[in-house]
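Letter by letter, the chains look like this.
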Amino acid sequence: LRLAIFASGRGSNALSIIRASKEGRLPRVEPVIVVCDKAGAPVVARSQEEGVPVVEVLPRDFSSKEEYERAILEALREKSVDAVALAGYMRLVGPVLIGAFPDRILNIHPSLLPSFPGLAAQKQAIDYGVKITGVTVHFVDLLMDHGPVILQKCLPVLPEDTEESLSRRLLPIEHEAYMESLDALSRGRLRIEGRRVLWLPD
Ligand code: GRF
């Protein structure tokens, strides 16, 4: 599976996928390009250091979202990309990319969807007072944090948790969940039926 990773910032999810692939823990996944929409985001240098080519595609250089996504699509086609992993990509994916990669774009979100979509999910969970939260990997559709759920993992919210401590404890679980989901996708194990994702035997 030739994978493109889209990221906007720190890049811990991107790096964990890249390293897992290098270390043979994702034997069928090859990260072939990182797409970043923010000039100079930390993920750019970190991915390059790991030897994965990065393209910076900046929305302000385009007159519309459609043009912006067409430029990304061209870069993905050059690399014969099969699937896309959104990893802290702080932007809604539009019809151009969804149409080009139907059921081939995944996202990770730091809450148990459908609870707490959107920004600052960890803070939303703390402010709401839930006692259990977690992470969700899902297929991407045109709505934010909405497509069919592939995998969820959960974690207790501790009385002393802050947004920072909860985010820190969730991060390794995000990385694990993404690994397992991409491995399953690369083995052709995920079948979408309506809103449900069935895991086929390996
Ligand atoms: C992660 O918490 C991810 O779930 C969310 O944004 C954060 C990105 O972190 N969508 P990183 O850039 O992967 O380190």
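As the structure is a computational prediction, the values presented were derived from the model and not from experiment.

### Section: the overall build of the chain
Working step 1: In terms of regular secondary structure, the chain is built from six helices and nine strands.
Working step 2: Its C-alpha atoms give the chain a radius of gyration of 16 Å, within 12% of the compact-globule value 17 Å for 202 residues.
Working step 3: Projected onto the principal axes, the alpha-carbon positions of the chain cover approximately 50 × 40 × 35 Å.
Working step 4: In the chain, of all internal contacts separated by at least 6 residues, the share reaching a separation of at least 24 is 64%.

### Some details on the UniProt feature "binding site: (6R)-10-formyltetrahydrofolate" (unreviewed entry) in the chain
Working step 1: If you check UniProt for "binding site: (6R)-10-formyltetrahydrofolate" (unreviewed entry), the listed places come out as Lys65, Met90, Arg91, Leu92, Val93 and Asn107 in our numbering.
Working step 2: Within the element layout of this structure, valine 93 appears in the loop between strand 4 (83–86) and helix 4 (95–100).
Working step 3: By the C-beta count within 10 Å, which is 22 here, valine 93 ends up buried.
Working step 4: Filtering out sequence-adjacent residues up to four positions away, valine 93 remains in contact with Ile98, Ile105 and Val140.
Working step 5: Looking at where asparagine 107 falls in the secondary structure, it is placed in strand 5 (residues 105–109).
Working step 6: C-beta crowding within 10 Å serves as the criterion here: with 25 such atoms nearby, asparagine 107 is assigned to the buried category.
Working step 7: Non-local contacts of asparagine 107, meaning those with residues more than four positions away in its chain, are made with Leu86, His138 and Val140.

### A look at unusual backbone geometry
Working step 1: For the bond from leucine 113 to proline 114, the omega torsion is 10°, close enough to zero to count as cis.
Working step 2: Mapped onto the elements, proline 114 comes out in the loop between strand 5 and helix 5 (121–128).
Working step 3: The backbone of phenylalanine 116 shows a phi angle near 60°, a positive value even though the residue is not glycine.
Working step 4: Inspection of the secondary structure assignment puts phenylalanine 116 in the loop between strand 5 and helix 5.
Working step 5: Even without a glycine there, the phi angle at alanine 120 is positive, about 50°.
Working step 6: Inspection of the secondary structure assignment puts alanine 120 in the loop between strand 5 and helix 5.
Working step 7: Since 14 C-beta atoms lie within 10 Å of it, alanine 120 is described here as partly exposed.

### Details of the site of the ligand
Working step 1: Every residue close to the ligand is listed here: Ala7, Gly9, Arg10, Gly11, Ser12, Asn13, Ala87, Gly88, Ile108, His109, Pro110 and Glu174.
Working step 2: In terms of residue class, the shell around the ligand is made up of four nonpolar, six polar and two charged.

### Looking at the nonpolar core
Working step 1: By size, the foremost hydrophobic cluster in this structure holds 52 residues, and its most contacted members are Ile5, Ala85 and Ala87.
Working step 2: Counting residues per element, this core draws most heavily on helix 6 (residues 163–186), which supplies seven residues.
Working step 3: When neighbours within four sequence positions are excluded, alanine 87 is seen to be in contact with Ile5, Phe6, Ala7, Asn13, Ala14, Ile17 and Ile108.

### Observations concerning the UniProt feature "binding site: N(1)-(5-phospho-beta-D-ribosyl)glycinamide" (unreviewed entry) in the chain
Working step 1: Using the residue numbers shown here, the UniProt feature "binding site: N(1)-(5-phospho-beta-D-ribosyl)glycinamide" (unreviewed entry) corresponds to Gly11, Ser12 and Asn13.
Working step 2: For glycine 11, the position within the fold is in the loop between strand 1 (2–7) and helix 1 (12–22).
Working step 3: Discounting chain neighbours no more than four positions away, the residues touching glycine 11 are Pro42, Val43, Arg46, Ser47 and Gly88.

Conventions we followed
- Residues numbered from 1 in each chain as written.
- Predicted model: local features only at pLDDT ≥ 70, side-chain atom pairs only at ≥ 80, totals over all residues.
- Helix = DSSP H or I, 4+ residues; strand = E, 2+ residues; numbered from the N terminus.
- Rg over C-alpha atoms; globule rule 2.2 N^0.38 Å.
- Contact = placed C-beta atoms within 7 Å.
- UniProt positions renumbered as here; feature names shortened; annotations may be inferred.
- Buried ≥ 20, exposed ≤ 12 C-beta atoms within 10 Å, placed from the backbone.
- Near = placed C-beta within 6 Å.
- Nonpolar A, V, L, I, M, F, W, Y, C, P; charged D, E, K, R; others polar.
- Core = buried A, V, L, I, M, F, W, Y, C linked by C-beta atoms within 7 Å.

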